[in-house]
Amino acid sequence: MTKHIFVTGGVASSLGKGLTAASLGRLLKQRGLKVVIQKLDPYINVDPGTMNPFEHGEVFVTDDGGETDLDLGHYERFIDENLTTESNATTGSIYSAVIAAERHGEYLGKTVQVIPHITDEIKRRIKVLATEDTDVLITEVGGTVGDIEILPFLEAIRQFRLDVGENNICYVHVTLVPYIGPSGEHKTKPTQHSVTELRSAGIQPHAIVCRSNEPISDDLERKISRLSNVPFEGVVNAPDASSLYEIPLLLNEEGLDSYICDSLGLDNPEPDLDDWRALVSRVVSATARVRIGLIGKYVSLVDAYLSVVEALNHAGAHHGVQVEIDWIQAEEVEGMLSEGRLKDLDGIVIPGGFGERGIEGKIAAAGFTRENDIPCLGLCLGLQCMTIDFARNVLELERAHSSEFDPSSPHPVIDLMESQRDVSDMGGTMRLGTYVAQLKPESQVSAIYGEDVVSERHRHRYEFNSRYRAKFEDTNFVCSGESPDGRLVEFIELKDHPFWVATQAHPEFKSRPDRPAPLFRAFVEAALHRAEGRNPQLLQMEEEFSN
Ligand code: GLN
């Protein structure tokens with residue numbers, strides 16, 4: 001029978017509940033258990049697909065095309081399993097299901113209410129994932145205890161204890177223990193209040209993870225234990241870590257995984273963390289640096305590009321370098337072309353995005369990297385911008401553009417596919433989830449992947465316009481990957497350039513800490529070559545690192 005761990009949060013949002021759930025998942029997986037993680041989100045949007053990345057961070061795409069919360073990215077990266085749409089449920093999707101059932105007459109004339117109908121649907125979403133081959137299902141409840149929207153979720157997970165039995169359930173509460181400067185102390189009161197709030201919903205936590213900026217004392221943990229009725233071993237401290245990949249190790253040192261295994265009656269062998277430790281030490285001990293410019297529209301919220309940043313970090317760890325990111329506001333690029341800032345970079349990423357703002361800056365950045373031999377990696381919209389730059393400045397196709405941004409362009413080198421033109425429901429027209437691409441033999445990308453057929457995740461509406469393909473391919477521009485039917489261009493690259501490669505997909509979603517996405521690995525390598533060319537000392541640092 002599947003064991004259930006529920007992770008709730010208190011005191012403040014953004015405490016790292018998702019990372020706690022993900023880290024715990026890894027620790028349990030390293031004990032040989034099959035772990036699945038899911039996120040319940042109390043907001044009303046049916047999925048995060050329509051939410052502004054400025055506000056909510058990136059939309060993470062699963063293999064099966066789910067547009068999900070960015071925490072699923074943490075889960076996948078930490079437990080190294082591909083999750084599905086089912087791992088993310090929002091209030092909106094739960095109500096939609098209940099209302100649709102009501103319209104079909106499935107409630108047989110009953111009054112449809114939050115309890116039991118909404119709570120039953122929440123429980124159904126949890127149970128769907130508790131399949132026979134899942135040893136542990138970790139369910140993170142988004143939001144903070146005390147929020148109005150969270151109540152049905154707390155009620156559902158409270159009921160779960162009776163449904164699956166005392167021994168099969170563990171509630172973990174993540175709280176903040178703030179440091180108050182003037183009194184020079186960490187304070188436990190907010191944690192106490194938050195546990196009280198959780199108990200008033202009928203949930204007594206088994207474990208409390210105390211987030212703090214600096215480590216807190218045993219005495220303080222003892223106090224929290226006494227006041228919240230949680231055994232001392234169940235109160236663990238997770239101070240800020242220098243790398244998020246350190247969190248599983250910190251939680252393991254605090255004994256959280258072992259405590260949880262005992263309380264769930266699971267076998268409790270030591271987890272095998274050798275590889276994870278080696279990874280963390282590669283991440284923290286790298287001294288050489290490469291500077292990567294990320295040309296974005298949402299650069300004020302780093303989470304908007306979370307998977308891209310993580311994929312760069314994975315590639316950095318692979319090569320033993322720290323990737324330092326220069327966040328560049330796309331609208332400012334054109335004003336920067338004559339300064340040294342872009343030239344001083346070792347590489348530039350043009351990430352995905354929607355909407356016109358900053359487009360000309362991204363196109364200008366593409367052109368600058370092309371002309372100055374700067375490694376450039378284009379992701380989705382990035383491929384489109386690089387194509388537009390090439391069309392305008394090399395093929396001299398005047399006012400070439402994407403019809404997303406200039407519907408009257410005489411040269412829509414990026415356009416909607418024929419079949420999509422008449423669909424008015426925006427949500428329905430996206431190419432979402434995993435698609436296969438056939439790589440051109442002997443192309444740069446096929447050498448990078450080491451395979452001819454690859455699959456990556458997608459999330460976009462517009463495509464390279466095949467009507468122009470021959471014109472492009474008459475030059476040093478190579479369409480190096482295409483859909484199996486040959487209709488869609490999936491990868492592009494430039495001959496005679498150190499690295500000017502782009503994909504219509506989002507390979508960042510499949511990057512893993514110990515298995516960087518191939519394109520990111522090769523891009524960081526190219527950036528490293530450029531950095532070495534400019535600073536030969538780097539070579540020596542790298543050598544020292546690998547010895
Ligand atoms: N806006 C572009 C499209 O819809 C690119 C989307 C993206 O970068 N994810 O095709």
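Whatever comes next refers back to the structure up there.
Residues numbered from 1 in each chain as written. Predicted model: local features only at pLDDT ≥ 70, side-chain atom pairs only at ≥ 80, totals over all residues. Heavy atoms only, no water.

*Asks:* Account for the pattern of salt bridges, naming residues and giving values.
*Replies:* Side chains that carry opposite charge are capable of pairing whenever their charged atoms lie near each other. For the structure shown, the criterion picks out 39 salt bridges. For E121, the salt bridge identified is with R124, shortest N-O distance 2.9 Å. Of the two residues, E121 and R124 both sit in helix α5 (residues 114–129), three residues apart, roughly one turn of that helix. The class for R124 is partly exposed, based on a relative accessible area of 42%. K127 is paired through a salt bridge with D163; the nearest N and O atoms lie 3.7 Å apart. With K127 in helix α5 and D163 in helix α6 (residues 151–164), this pair connects stretches of sequence that are 36 residues apart. For K127, a relative accessible area of 43% corresponds to the partly exposed category. (Salt bridge = Lys/Arg side-chain N within 4 Å of Asp/Glu carboxyl O. Helix = DSSP H or I, 4+ residues; strand = E, 2+ residues; numbered from the N terminus. Buried < 20%, exposed > 50% of the residue type's maximum accessible area, 1.4 Å probe, protein only.)

*Asks:* Quick rundown of the sheet that holds strand β1 (residues 3–9)? Include the residues and the values.
*Replies:* Strand order in the open sheet made by the seven strands is β5-β2-β6-β1-β7-β10-β11, with parallel pairing throughout. What marks the edges here is a single partner per strand, and that holds for β5 (88–90) and β11 (235–239). Pairs of neighbouring strands in the sheet enclose a mean axial angle of 20°, with direction left out of account. In this sheet, strand β6 (residues 136–141) lies alongside strand β2 (residues 35–41) in parallel orientation, the contact comprising six bridges. Paired with I37 across the two strands is I138, which belongs to β6. (Pairing = 2+ DSSP bridges. Axes fitted to C-alpha atoms, helices over the stretch in contact; angles between N-to-C directions.)

*Asks:* Any details on the sheet that holds strand β13 (residues 322–329)? Residues and values, ideally.
*Replies:* An order of β13-β12-β14-β15-β23-β22-β21-β18-β19 is seen for the nine strands of this open sheet, with the pairing classed as mixed. Taken across any chain shown, the strands that pair with only one partner, and hence form the sheet edges, are β13 and β19 (453–460). Neighbouring strand axes in the sheet, compared pairwise and without regard to direction, differ in orientation by 25° on average. Note that strand β21 (residues 477–482) and strand β22 (residues 489–494) share five bridges and pair antiparallel. The partner of C479 across the bridge, within β22, is I492. Where helix α15 (residues 381–393) meets the sheet, its contacts fall on β14 (347–350), β15 (376–379), β21, β22 and β23 (500–503), and the angle it forms with β15 comes to roughly 115°. (Contact = heavy atoms within 4.5 Å.)

*Asks:* Give a detailed account of the site of the ligand, specifying residues and quantitative values.
*Replies:* As a structural note, the neighbourhood of the ligand is formed by G352, G353, F354, C380, L381, Q384, E404, R459, H460, R461, Y462 and H506. At 2.8 Å from a nitrogen atom of the ligand is found a side-chain nitrogen or oxygen belonging to E404. Secondary structure elements with two or more residues in the shell around the ligand: α15 and β19. (Near = heavy atom within 4 Å. Polar contact = N/O pair within 3.5 Å; in protein donor to acceptor, adjacent residues only side chain to side chain.)

*Asks:* Got a sec to walk through the packing of aromatic side chains? Specific residues and values, please.
*Replies:* Taken as a whole, this structure holds 15 aromatic pairs when the rule is applied. Consider the rings of F60 and F509, whose centres lie 5.1 Å apart with planes at 75°: the pair is edge-to-face. Residue F60 is found in strand β3 (residues 60–61), and its partner F509 is found in the loop between β23 and α18 (518–534); the two are separated by 449 residues along the sequence. The residues F60 and F509 share a single accessibility class, namely buried. Here the aromatic residues F390, F464, F472, F477 and W500 are joined through ring pairs into a cluster of three or more. Between the NZ or CZ atom of R222 and the centre of the ring of F232, over which it lies, the distance is 4.5 Å. Across from the ring centre of Y435, 4.8 Å away, lies the NZ or CZ of R431, which sits over that ring. (Phe/Tyr/Trp six-rings, centres within 6.5 Å; stacked < 30°, edge-to-face > 60°. Lys NZ or Arg CZ within 6 Å of the ring centre and 35° of its normal.)

*Asks:* With reference to specific residues and values, describe the packing of α5 against α6.
*Replies:* Helix packing geometry: the angle between the two helix axes and the distance between the axes. Contact pair α5 / α6: the axes reach a minimum separation of 9 Å and the direction vectors enclose 70°. Relative to α6, α5 is oriented roughly perpendicular. The crossing of α5 and α6 is right-handed. Here V114, I115, I118, T119, I122, K123, I126 and K127 of α5 come into contact with α6, specifically with P152, F153, E155, A156, I157, Q159, F160 and D163. Classifying every residue of the contact of α5 with α6 gives ten nonpolar, two polar and four charged. (Parallel < 35°, antiparallel > 145°, perpendicular 65-115°, else oblique. Left-handed = near helix turned anticlockwise from the far one by under 90°. Nonpolar A, V, L, I, M, F, W, Y, C, P; charged D, E, K, R; others polar.)

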